[in-house]
Amino acid sequence: MDKSIIKSIILQNQERIETIPLQKRKIDFDEKGNYVLVGLRRAGKSFMLYQNIQERIRTGKSQREDILYINFEDDRLQIGGLEDLDTLITAYHEIYTERKPIVYLDEIQIINGWEKFARRLADTQYRVFITGSNANMLSREIATTLGGRFIAREIYPFSFEEYLIYKGIRLDANWEYAPIATKVRGLFDEYFHYGGFAEIFNRADKREWINSLCQKILLGDIIARNDIRNAPLIRLLVKKLAESVMQPTTQTRLLNILQSTGIKLGRNTISEYLSYMDDAYLTFSITNYTDSLAERISNRKRYFSDNGLLNNYLFDPTTKLLENLVAVTLLKKYGGYEEDNLYYYNKGVEVDFYVPSQELAIQVSYNINDLDTRERETKALLKMASVFPLKKLMIITMDQETTIQEDENSIEVVPVWKWLLK
């Protein structure tokens, strides 16, 4: 690999990153820590690196020359393997013979064996930040290779609060009783339908950008990365998953749906494809709290990692988007890759979400104006409360707000846009 090209990239990135406009997001890095940032494509991982670089330079902790930033999706790079990764460090030290850089490696997961290089950098006292768009970077095998030298963080698209800040709105105490609440509710509709990708916030044609992102995730992060030859099957599976949001779905049911179109495939193929989607952060799933281990593997409720992605596949999305947004928010707060702390409950009655560590149960309903709907949602929560110790019972709606009192149990009914900001 041509060192002169690498040197040019290093110098250009030092100058470019310092001037990139960005909205500061909340993330804390230990001054001596090494980090792996993993998450959905375009969720903001690179901007987290830019933010760290700019803050270091602004506060005098580093100078521009101390930064070695490489984006591995840069088409000028021709990296064949681990030996070429060493060339990055060599090229930097040929420019700056007396400095030791902070190393930022963006989207490094496309290089096989990257974790060995990262471990070696950490072992030789380089400080390293890494990003990637595949959850396999958090796998136990890679964590073992990294040897405890790195801290993993999952990065998600903007929350509703971050979206409001982007739009210039910062909320004071008791904001919900002030005139600003009307503006917050108005802005929520756009966030609700198109999600938290900052790049679309000021775009006129948001759906076109999201559709393009979906194609990049499918073609690049799922099909090409996993050498899948049947691309139409993946597209059909994603559409069926979108249509099945809110409902527990077994792998057998998905297999039957796909086979009914004339496609021949086996159960193992379905399992692998679902895993690839989760690894690319396109989707995630939760299990029934009362299911056996075997049942949890095959029977799950599946959601999309951002409302914009789900909306791209649906014609009448409102109720699905509502539950999906609640699922994503709970995942950020209580879940995470390979962490089991977010479930649904289905034994006699179905409750949409259960967080055991918080003794929290949540139903999601667009509204509860209909008496049958109100009774169904309420009875399910009360039935669950008679079986498990629950400190908090909630029904999340689009706009309704009240409290339902049933004997000793109090059920909080809250609009989703207020709930997101609590």
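As a reminder, the structure under discussion sits directly above these lines.
A. Seen up close, the overall build of the chain. A tally of helices and strands in the chain yields 16 helices and 14 strands. Computed over the C-alpha atoms, the radius of gyration of the chain is 23 Å, within 12% of the 22 Å expected from 2.2 N^0.38 for a compact globule of 422 residues. Residue burial in the chain is summarised as follows: out of 422 residues, 52% are buried. Considering only contacts in the chain between residues 6 or more positions apart, those separated by 24 or more positions represent 68%. Surface exposure of the chain reaches about 19,900 Å², of which carbon and sulfur atoms provide 46%. Of note, the chain has its 56 positive side-chain charges centred 1 Å away from the centre of its 59 negative side-chain charges.

B. Representation of the packing of aromatic side chains within the structure. Counted according to the given criterion, the structure contains 26 aromatic pairs. Aromatic pair Phe29 and Tyr35: ring centres 4.7 Å apart, planes at 65 degrees, arrangement edge-to-face. The exposure class assigned to Phe29 is buried, which follows from its relative accessible area of 18%. Seen in terms of ring centroids, Phe197 and Trp209 are 5.6 Å apart; in terms of plane orientation they differ by 50 degrees. Their pairing is tilted. Residue Phe197 is located in the loop between helix H7 (180-194) and helix H8 (206-224), and its partner Trp209 is located in helix H8; the two are separated by twelve residues in the primary sequence. Here Phe197 falls in the buried class, since its relative accessible area comes to 0%. Positioned above the aromatic ring of Tyr126 is the side chain of Lys100, whose terminal nitrogen or guanidinium carbon lies 4.6 Å from the ring centre. Its end group placed over the ring of Tyr344, Lys301 keeps NZ or CZ at 5.3 Å from the ring centre.

C. Region of interest: the pattern of salt bridges. All chains considered together, the criterion is met by 32 salt bridges. Of the charged contacts in the structure, one is a salt bridge between Asp123 and Arg119, with a shortest N-O distance of 2.9 Å. Here Asp123 and its partner Arg119 are both found in helix H4 (residues 114-123), four residues apart, which amounts to about one turn of the helix. Here Asp123 falls in the partly exposed class, since its relative accessible area comes to 36%. Accessibility expressed as a relative area gives 23% for Arg119, which makes it partly exposed. Linked through salt bridges whose partners overlap, the residues forming this network are Glu31, Arg56, Lys61 and Arg127.

D. Spotlight on helix H3 (residues 82-95). If you check which residues of H3 are buried, you get Asp84, Leu85, Thr87, Leu88, Ile89, Ala91 and Tyr92. If you follow the buried residues of H3, they end up packed against helix H1 (3-17), strand S2 (67-71), strand S3 (102-106) and H4.

E. Layout of the environment of Gly148. Note on placement: Gly148 falls in the loop between helix H5 (140-146) and strand S5 (151-155). What makes Gly148 exposed here is its relative accessible area of 70%. As for Gly148 and Gly81, which are separated by 67 residues in sequence, their C-alpha atoms are 23 Å apart.

F. Focus on the sheet that holds strand S13 (residues 402-406). With respect to topology, nine strands assemble into an open sheet ordered S6-S8-S7-S9-S10-S11-S12-S14-S13, the strand pairing being mixed. Among the strands making up the open sheet, the edge pair consists of strand S6 (249-250) and S13. Along the sheet, helix H11 (residues 267-279) contacts strand S7 (283-288) and strand S8 (299-304); its crossing angle with S7, the most-contacted strand, is approximately 115 degrees.

G. Structural view of the sheet that holds S2. Strand order in the open sheet formed by five strands is S2-S3-S4-S1-S5, and the pairing between neighbours is parallel. Each of the sheet's edge strands pairs with one partner strand only, and the pair in question is S2 and S5. Pairwise comparison of adjacent strand axes, ignoring direction, gives a mean angle of 15 degrees for this sheet. Along the sheet face, helix H2 (residues 45-58) touches strand S1 (35-39), S2, S3, strand S4 (127-132) and S5 and points at about 160 degrees away from the line of S3. This element, H3, spans S2 and S3 of the sheet and lies at about 145 degrees to S2.

Reading guide: rules and limits
Residues numbered from 1 in each chain as written. Predicted model: local features only at pLDDT ≥ 70, side-chain atom pairs only at ≥ 80, totals over all residues. Heavy atoms only, no water. Helix = DSSP H or I, 4+ residues; strand = E, 2+ residues; numbered from the N terminus. Rg over C-alpha atoms; globule rule 2.2 N^0.38 Å. Buried < 20%, exposed > 50% of the residue type's maximum accessible area, 1.4 Å probe, protein only. Contact = heavy atoms within 4.5 Å. Areas by Shrake-Rupley, 256 points an atom, 1.4 Å probe, with all protein chains shown as cover. Lys, Arg positive; Asp, Glu negative; His and termini not counted. Charge placed at Lys NZ, Arg CZ, Asp CG, Glu CD. Phe/Tyr/Trp six-rings, centres within 6.5 Å; stacked < 30°, edge-to-face > 60°. Lys NZ or Arg CZ within 6 Å of the ring centre and 35° of its normal. Salt bridge = Lys/Arg side-chain N within 4 Å of Asp/Glu carboxyl O. Pairing = 2+ DSSP bridges. Axes fitted to C-alpha atoms, helices over the stretch in contact; angles between N-to-C directions.

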